Amino acid sequence: FGASGLLPDPQLSVFLENGVEIYRNNGWQNGVDASALPGLSKSVGAFPFTAGSLDSALAAQVGRGAYTLQITSPSGKSGVGLAELYELDTNGRTQNLSTRAFVGSGGDVLIGGFVVQGPAYKRVLIRGIGPTLRAFGVTDALVDPVLTVYSGDTVVATNDRWSANADLNALREVSKKVGAFDLANDSEDAALLLTVPPGAYTIVVSGKGNSQGIGLLEVYEAP
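In this text, all values refer to a predicted model and were calculated from it rather than measured experimentally.

Definitions and limits used
- Residues numbered from 1 in each chain as written.
- Predicted model: local features only at pLDDT ≥ 70, side-chain atom pairs only at ≥ 80, totals over all residues.
- Heavy atoms only, no water.
- Helix = DSSP H or I, 4+ residues; strand = E, 2+ residues; numbered from the N terminus.
- Buried < 20%, exposed > 50% of the residue type's maximum accessible area, 1.4 Å probe, protein only.
- Lys, Arg positive; Asp, Glu negative; His and termini not counted.
- Salt bridge = Lys/Arg side-chain N within 4 Å of Asp/Glu carboxyl O.
- Contact = heavy atoms within 4.5 Å.
- Pairing = 2+ DSSP bridges.
- Axes fitted to C-alpha atoms, helices over the stretch in contact; angles between N-to-C directions.
- Polar contact = N/O pair within 3.5 Å; in protein donor to acceptor, adjacent residues only side chain to side chain.
- Phe/Tyr/Trp six-rings, centres within 6.5 Å; stacked < 30°, edge-to-face > 60°.
- Lys NZ or Arg CZ within 6 Å of the ring centre and 35° of its normal.
- Arc of directions from axis to C-beta.
- Patch = residues over 30% accessible without salt bridge, like charges linked within 9 Å, V, L, I, M, F, W, Y side chains within 5 Å.
- Areas by Shrake-Rupley, 256 points an atom, 1.4 Å probe, with all protein chains shown as cover.

A few words now on the side chain of Asp 144. Note on placement: Asp 144 falls in the loop between strand S6 (122-129) and strand S7 (145-151). An unpaired buried charge is present at Asp 144: no salt bridge exists, and Lys 208, the closest side chain of opposite charge, is 4.3 Å distant. Every residue in contact with Asp 144, bar those within four places of it in the chain, is listed here: Asp 160, Glu 188, Ser 206, Gly 207, Lys 208 and Ser 211.

So, in C-alpha coordinates, the structure goes:
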(Lines give C-alpha, C1' and ligand atoms only; values in the text may rest on other atoms or scores of the structure.)
Protein backbone atom coordinates (compact mmCIF):
# COMPACT_ATOMS: atom_id res chain seq x y z
CA PHE A 1 0.00 0.00 0.00
CA GLY A 2 3.01 2.28 -0.32
CA ALA A 3 3.76 2.59 3.40
CA SER A 4 7.37 2.65 4.55
CA GLY A 5 9.18 2.23 7.85
CA LEU A 6 6.93 -0.68 8.76
CA LEU A 7 6.98 -2.75 11.96
CA PRO A 8 8.47 -6.04 10.70
CA ASP A 9 7.07 -8.42 13.35
CA PRO A 10 3.88 -7.08 14.93
CA GLN A 11 2.52 -8.97 17.93
CA LEU A 12 -1.17 -8.48 18.74
CA SER A 13 -2.49 -8.63 22.32
CA VAL A 14 -5.92 -8.01 23.87
CA PHE A 15 -6.24 -6.95 27.50
CA LEU A 16 -9.12 -6.66 29.95
CA GLU A 17 -9.75 -3.33 31.65
CA ASN A 18 -7.78 -4.56 34.69
CA GLY A 19 -4.68 -5.18 32.54
CA VAL A 20 -4.97 -8.96 32.27
CA GLU A 21 -3.99 -10.25 28.82
CA ILE A 22 -6.65 -12.57 27.39
CA TYR A 23 -5.50 -13.05 23.78
CA ARG A 24 -2.18 -12.93 21.94
CA ASN A 25 -1.00 -13.71 18.44
CA ASN A 26 2.40 -13.46 16.81
CA GLY A 27 1.98 -14.40 13.15
CA TRP A 28 -1.57 -14.98 11.91
CA GLN A 29 -0.83 -18.49 10.62
CA ASN A 30 0.45 -19.57 14.03
CA GLY A 31 -2.81 -18.99 15.90
CA VAL A 32 -5.72 -21.29 16.67
CA ASP A 33 -7.88 -19.22 14.27
CA ALA A 34 -5.51 -19.60 11.29
CA SER A 35 -7.77 -21.76 9.13
CA ALA A 36 -10.82 -19.56 9.70
CA LEU A 37 -9.14 -16.15 9.29
CA PRO A 38 -9.14 -15.94 5.47
CA GLY A 39 -12.89 -16.57 5.31
CA LEU A 40 -13.64 -14.23 8.21
CA SER A 41 -11.51 -11.49 6.69
CA LYS A 42 -13.32 -11.80 3.37
CA SER A 43 -16.74 -11.68 5.06
CA VAL A 44 -16.03 -8.26 6.60
CA GLY A 45 -14.11 -6.80 3.65
CA ALA A 46 -10.66 -6.90 5.23
CA PHE A 47 -7.74 -7.19 2.80
CA PRO A 48 -6.18 -10.70 2.79
CA PHE A 49 -2.80 -11.58 4.27
CA THR A 50 -0.26 -13.34 2.11
CA ALA A 51 0.90 -16.80 3.14
CA GLY A 52 3.99 -16.58 5.31
CA SER A 53 3.51 -12.92 6.27
CA LEU A 54 4.27 -11.95 9.87
CA ASP A 55 1.08 -9.92 10.25
CA SER A 56 -1.00 -10.92 13.28
CA ALA A 57 -4.73 -11.48 13.70
CA LEU A 58 -7.28 -12.89 16.16
CA ALA A 59 -10.92 -13.94 16.01
CA ALA A 60 -11.61 -13.06 19.63
CA GLN A 61 -14.85 -13.50 21.55
CA VAL A 62 -15.41 -10.84 24.20
CA GLY A 63 -18.25 -9.84 26.49
CA ARG A 64 -19.51 -6.41 27.39
CA GLY A 65 -16.80 -4.13 28.70
CA ALA A 66 -13.71 -2.11 27.85
CA TYR A 67 -10.68 -3.70 26.18
CA THR A 68 -7.22 -2.61 25.13
CA LEU A 69 -5.68 -3.84 21.87
CA GLN A 70 -1.91 -3.48 21.77
CA ILE A 71 0.63 -3.89 18.96
CA THR A 72 4.18 -4.61 20.10
CA SER A 73 7.32 -6.22 18.67
CA PRO A 74 8.68 -9.38 20.35
CA SER A 75 12.13 -8.43 19.02
CA GLY A 76 11.88 -4.87 20.37
CA LYS A 77 11.80 -3.24 16.92
CA SER A 78 9.79 -0.14 16.00
CA GLY A 79 7.87 1.00 12.95
CA VAL A 80 4.48 1.85 11.50
CA GLY A 81 1.63 -0.58 12.24
CA LEU A 82 -2.11 -0.80 11.58
CA ALA A 83 -4.67 -1.98 14.16
CA GLU A 84 -8.07 -3.08 12.82
CA LEU A 85 -11.26 -4.13 14.59
CA TYR A 86 -14.19 -5.78 12.81
CA GLU A 87 -17.49 -7.04 14.24
CA LEU A 88 -18.07 -10.65 13.15
CA ASP A 89 -21.63 -11.06 14.46
CA THR A 90 -24.65 -9.05 15.61
CA ASN A 91 -24.50 -10.07 19.29
CA GLY A 92 -23.31 -6.59 20.25
CA ARG A 93 -21.72 -3.51 18.78
CA THR A 94 -18.68 -1.36 19.31
CA GLN A 95 -19.66 1.89 20.98
CA ASN A 96 -16.34 3.68 20.99
CA LEU A 97 -12.75 3.25 19.82
CA SER A 98 -9.59 5.06 20.87
CA THR A 99 -6.00 4.89 19.66
CA ARG A 100 -2.94 6.35 21.35
CA ALA A 101 0.20 6.74 19.27
CA PHE A 102 3.09 9.05 18.47
CA VAL A 103 2.02 11.80 16.06
CA GLY A 104 4.84 12.82 13.76
CA SER A 105 4.88 15.09 10.73
CA GLY A 106 4.38 14.38 7.04
CA GLY A 107 3.50 10.74 6.53
CA ASP A 108 3.91 9.97 10.24
CA VAL A 109 0.65 11.52 11.42
CA LEU A 110 -1.93 9.44 13.32
CA ILE A 111 -4.47 7.97 10.90
CA GLY A 112 -7.69 6.22 11.90
CA GLY A 113 -10.90 5.25 10.23
CA PHE A 114 -14.40 3.89 10.68
CA VAL A 115 -17.19 2.51 8.51
CA VAL A 116 -20.91 3.29 8.86
CA GLN A 117 -23.16 0.51 7.57
CA GLY A 118 -26.90 0.37 7.01
CA PRO A 119 -29.45 2.74 5.45
CA ALA A 120 -29.36 5.51 8.06
CA TYR A 121 -27.07 8.39 8.92
CA LYS A 122 -24.88 7.97 12.02
CA ARG A 123 -24.00 10.59 14.62
CA VAL A 124 -20.42 10.37 15.85
CA LEU A 125 -18.23 12.24 18.30
CA ILE A 126 -14.59 12.34 17.21
CA ARG A 127 -11.79 13.78 19.33
CA GLY A 128 -8.08 14.41 18.84
CA ILE A 129 -6.55 14.76 22.30
CA GLY A 130 -3.11 16.14 23.10
CA PRO A 131 -2.68 18.64 25.95
CA THR A 132 -5.20 16.92 28.25
CA LEU A 133 -3.09 13.75 28.17
CA ARG A 134 -0.69 15.48 30.55
CA ALA A 135 -3.32 15.06 33.28
CA PHE A 136 -2.96 11.30 32.76
CA GLY A 137 0.82 11.34 33.13
CA VAL A 138 1.80 11.68 29.45
CA THR A 139 4.67 14.18 29.54
CA ASP A 140 5.41 14.28 25.79
CA ALA A 141 1.81 14.90 24.68
CA LEU A 142 1.02 16.64 21.39
CA VAL A 143 0.71 20.36 22.14
CA ASP A 144 -1.84 21.41 19.51
CA PRO A 145 -3.62 18.59 17.61
CA VAL A 146 -5.49 19.24 14.38
CA LEU A 147 -8.38 16.86 13.62
CA THR A 148 -9.52 16.27 10.03
CA VAL A 149 -12.17 13.83 8.79
CA TYR A 150 -12.22 12.65 5.17
CA SER A 151 -14.64 10.77 2.95
CA GLY A 152 -12.31 9.54 0.23
CA ASP A 153 -10.24 12.61 -0.70
CA THR A 154 -12.96 15.03 0.39
CA VAL A 155 -12.61 16.87 3.70
CA VAL A 156 -15.82 16.40 5.69
CA ALA A 157 -14.80 18.61 8.62
CA THR A 158 -11.76 19.86 10.51
CA ASN A 159 -11.09 21.35 13.94
CA ASP A 160 -8.01 22.43 15.91
CA ARG A 161 -9.68 23.78 19.06
CA TRP A 162 -12.67 21.92 20.48
CA SER A 163 -14.28 24.96 22.13
CA ALA A 164 -14.47 26.71 18.73
CA ASN A 165 -17.25 24.36 17.58
CA ALA A 166 -20.39 26.19 16.45
CA ASP A 167 -22.71 23.95 18.51
CA LEU A 168 -20.58 23.67 21.62
CA ASN A 169 -23.51 22.88 23.93
CA ALA A 170 -24.46 19.81 21.89
CA LEU A 171 -20.84 18.65 21.85
CA ARG A 172 -20.62 19.01 25.64
CA GLU A 173 -23.90 17.15 26.14
CA VAL A 174 -22.93 14.24 23.89
CA SER A 175 -19.47 14.01 25.47
CA LYS A 176 -21.08 13.59 28.87
CA LYS A 177 -23.58 10.99 27.64
CA VAL A 178 -20.93 8.76 26.05
CA GLY A 179 -18.61 8.98 29.06
CA ALA A 180 -15.78 10.95 27.42
CA PHE A 181 -13.47 12.66 29.91
CA ASP A 182 -13.80 16.42 30.30
CA LEU A 183 -11.73 18.94 28.37
CA ALA A 184 -10.78 22.33 29.80
CA ASN A 185 -12.40 25.29 28.06
CA ASP A 186 -9.03 26.73 27.04
CA SER A 187 -7.38 23.47 25.98
CA GLU A 188 -6.04 23.05 22.45
CA ASP A 189 -7.57 19.57 22.11
CA ALA A 190 -9.73 19.07 19.00
CA ALA A 191 -13.23 17.60 18.63
CA LEU A 192 -16.06 17.27 16.12
CA LEU A 193 -19.69 16.20 16.44
CA LEU A 194 -20.83 14.95 13.03
CA THR A 195 -23.84 13.26 11.44
CA VAL A 196 -22.59 11.26 8.46
CA PRO A 197 -24.19 8.99 5.83
CA PRO A 198 -23.18 5.32 5.41
CA GLY A 199 -19.68 4.97 4.05
CA ALA A 200 -16.00 4.77 4.93
CA TYR A 201 -14.26 7.64 6.70
CA THR A 202 -10.62 8.45 7.43
CA ILE A 203 -9.52 10.52 10.42
CA VAL A 204 -6.17 12.29 10.59
CA VAL A 205 -4.65 13.71 13.76
CA SER A 206 -1.69 15.96 13.02
CA GLY A 207 0.23 18.59 14.95
CA LYS A 208 -0.32 22.26 14.17
CA GLY A 209 2.84 23.76 12.72
CA ASN A 210 4.29 20.26 12.25
CA SER A 211 4.50 19.80 16.03
CA GLN A 212 4.98 16.25 17.28
CA GLY A 213 4.08 14.22 20.36
CA ILE A 214 1.75 11.58 21.77
CA GLY A 215 -1.85 11.93 20.63
CA LEU A 216 -5.13 10.15 21.33
CA LEU A 217 -7.79 9.60 18.67
CA GLU A 218 -11.30 8.80 19.92
CA VAL A 219 -14.45 7.83 18.01
CA TYR A 220 -17.78 7.51 19.86
CA GLU A 221 -21.18 6.40 18.60
CA ALA A 222 -23.28 9.38 19.67
CA PRO A 223 -26.93 9.29 20.77
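Moving on, we come to the sheet that holds strand S8 (residues 154-159). On the basis of which strands lie adjacent, the open sheet formed by four strands has the order S5-S10-S7-S8 and antiparallel pairing. Each edge of the open sheet carries a strand with a single partner, namely strand S5 (110-116) and S8. Direction aside, neighbouring strands of the sheet carry axes that sit 20° apart on average. Relative to S8, S7 is paired through five bridges, and the arrangement is antiparallel. Following the sheet pairing, Thr 148 is matched in S8 by Thr 158.

This part takes up the side chain of Arg 127. Among the secondary structure elements, Arg 127 is positioned in strand S6. Side-chain polar atoms of Arg 127 contact the side chain of Glu 218, separated by 2.6 Å. Those residues in contact with Arg 127 that lie beyond four places of it in its chain are Leu 147, Ala 180, Phe 181, Leu 183, Ala 190, Ala 191, Leu 216, Leu 217, Glu 218 and Tyr 220.

Throughout the structure, instances matching the rule amount to five aromatic pairs. Measuring from ring centre to ring centre gives 5.0 Å for Phe 1 and Phe 47, while their planes differ by 50°; the resulting arrangement is tilted. Of this pair, Phe 1 sits in the segment before strand S1 (11-16) while Phe 47 sits in the loop between helix H1 (37-44) and strand S3 (67-72), and the two are 46 residues apart along the sequence. Between the aromatic rings of Phe 47 and Phe 49, the centroid separation amounts to 6.2 Å while the plane-to-plane angle is 75°, which identifies the pairing as edge-to-face. Judged by relative accessible area, Phe 49 falls into the partly exposed class, the value being 27%. Feature note: the residues Phe 1, Trp 28, Phe 47 and Phe 49 constitute an aromatic cluster, connected by ring pairs. Looking at Arg 127, its charged tip hangs above the ring of Phe 181, at a distance of 4.6 Å from the centre.

Tallied over the entire structure, the rule returns seven salt bridges. Here Arg 127 and Glu 218 are joined by a salt bridge, their closest N and O atoms 2.6 Å apart. Within this pair, whereas Arg 127 is found in strand S6, its partner Glu 218 is found in strand S11 (residues 213-221), the two being separated by 91 residues in sequence. Residue classification places Arg 127 among the buried positions, given a relative accessible area of 2%.

For helix H2 (residues 168-178), the complete set of buried residues consists of Leu 168, Ala 170, Leu 171, Val 174 and Ser 175. Across the axial projection of H2, the buried residues extend over an arc of 160°, all falling on one side. In H2, the exposed residues that point more than 90 degrees away from the buried face are Asn 169, Lys 176 and Lys 177. Along its buried surface, H2 packs onto S6 and strand S9 (190-196). Of the residues flanking the end of H2, it is Gly 179, one or two places downstream, whose phi is positive at about 85°.

A contiguous nonpolar patch, built from Val 20, Ile 22, Val 62 and Tyr 67 and spanning about 300 Å² of accessible area, is present on the exposed surface. Note on placement: Val 20 falls in the loop between S1 and strand S2 (21-25).

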